[in-house]
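What the coordinates show
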Amino acid sequence: MPGGRLTQQERQQIALGLSDNLAYAEIARRLDRPTSTITREVMRNGGPAGYRADLAHRATQQRTRRRTQAAAPQDPHALPQVHGRDPEAVRDYQETLTTVFMTSGLPKMMARVLGCLYTTDTGSHTAAELAQRLQVSPASVSKAITFLEGLELVRRERDERRRERYVVDDDLWYQSMIRSARANDQFIETARQGVGILGRGTPAATRLENAARFLDFVSEGLLRAAEQGRDVLYAGSGTTPDTAATPRG
């Protein structure tokens with residue numbers, strides 16, 4: 001019977017087994033692991049309904065890293081962070097933020113890039129800087145940026161040296177809210193078309209009509225809240241929503 005920590009592939013098999021409603025004992029048998037190992041793994045990583053292989057594997061890596069850091073002596077020659085920040089605390093927080101992004105649905109590399117951008121004072125990095133900080137290939141950074149840009153979670157700009165930089169700023173949250181509200185429009189329109197086809201007053205038509213009314217109401221509320229929030233965000237900051245998003249350099 002194999003021992004040691006579960007591998008990422010084994011965790012993926014556990015997730016597949018849970019999606020197929022297999023019992024812990026059956027998953028354990030297929031992996032040649034004790035049932036207690038599978039039970040403990042699932043229960044401390046979201047339970048049967050919330051288990052995700054990537055998050056479970058990441059949690060194990062973080063626990064291992066924390067134990068290693070606790071056992072290792074402090075480096076007296078370590079360079080201090082800006083503003084007197086604790087380097088280990090900053091690194092741990094970046095890992096925590098990355099995990100939150102992953103929990104919200106972002107793939108691991110995209111979450112790591114976003115976490116790195118959010119924890120730098122400038123709110124921006126070049127591709128080379130991201131690759132160096134995350135210890136990944138430029139190709140991985142490029143793929144992640146393309147994905148995040150498609151979701152409007154990052155934007156590109158040129159600095160004074162004409163280098164392309166990837167930026168996160170306050171206005172991106174506003175744009176994200178607008179996109180979320182607008183994403184409902186197509187369903188609302190299609191649902192209302194279905195009411196006429198299925199016959200107003202029938203159970204199916206009523207279901208679609210209720211969904212359209214609900215989403216229409218929520219979308220209007222999101223749009224109003226986004227506009228109000230944007231005004232509050234920039235009030236007294238000396239900038240406007242238009243100038244805040246203007247590329248520098």
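Conventions we followed
Residues numbered from 1 in each chain as written. Predicted model: local features only at pLDDT ≥ 70, side-chain atom pairs only at ≥ 80, totals over all residues. Heavy atoms only, no water. Pairing = 2+ DSSP bridges. Helix = DSSP H or I, 4+ residues; strand = E, 2+ residues; numbered from the N terminus. Axes fitted to C-alpha atoms, helices over the stretch in contact; angles between N-to-C directions. Contact = heavy atoms within 4.5 Å. Buried < 20%, exposed > 50% of the residue type's maximum accessible area, 1.4 Å probe, protein only.

Remarks on the sheet that holds strand 3 (residues 164-167)
Here we have three strands laid out as an open sheet, ordered 1-3-2, and antiparallel in their pairing. A single partner strand is all that each edge strand has here, and the edge strands are strand 1 (124-126) and strand 2 (155-158). If you compare each strand with its neighbour and ignore which way they point, the axes differ by 35 degrees on average. Relative to strand 3, strand 2 runs antiparallel, the two being bridged by four bridges. Looking across to strand 3, one finds that E157 is bridged to R165. On the sheet, helix 8 (residues 127-134) packs against strand 1 and strand 3 and is oriented at approximately 95 degrees with respect to strand 1.

A word on the environment of S137
For S137, the location among the structural elements is in the loop between helix 8 and helix 9 (138-150). On the basis of relative accessible area, S137 is assigned to the partly exposed category, the value being 33%. Each C-alpha atom of the pair S137 and A127 lies 9.5 Å from the other, and the pair is 10 residues apart in sequence.

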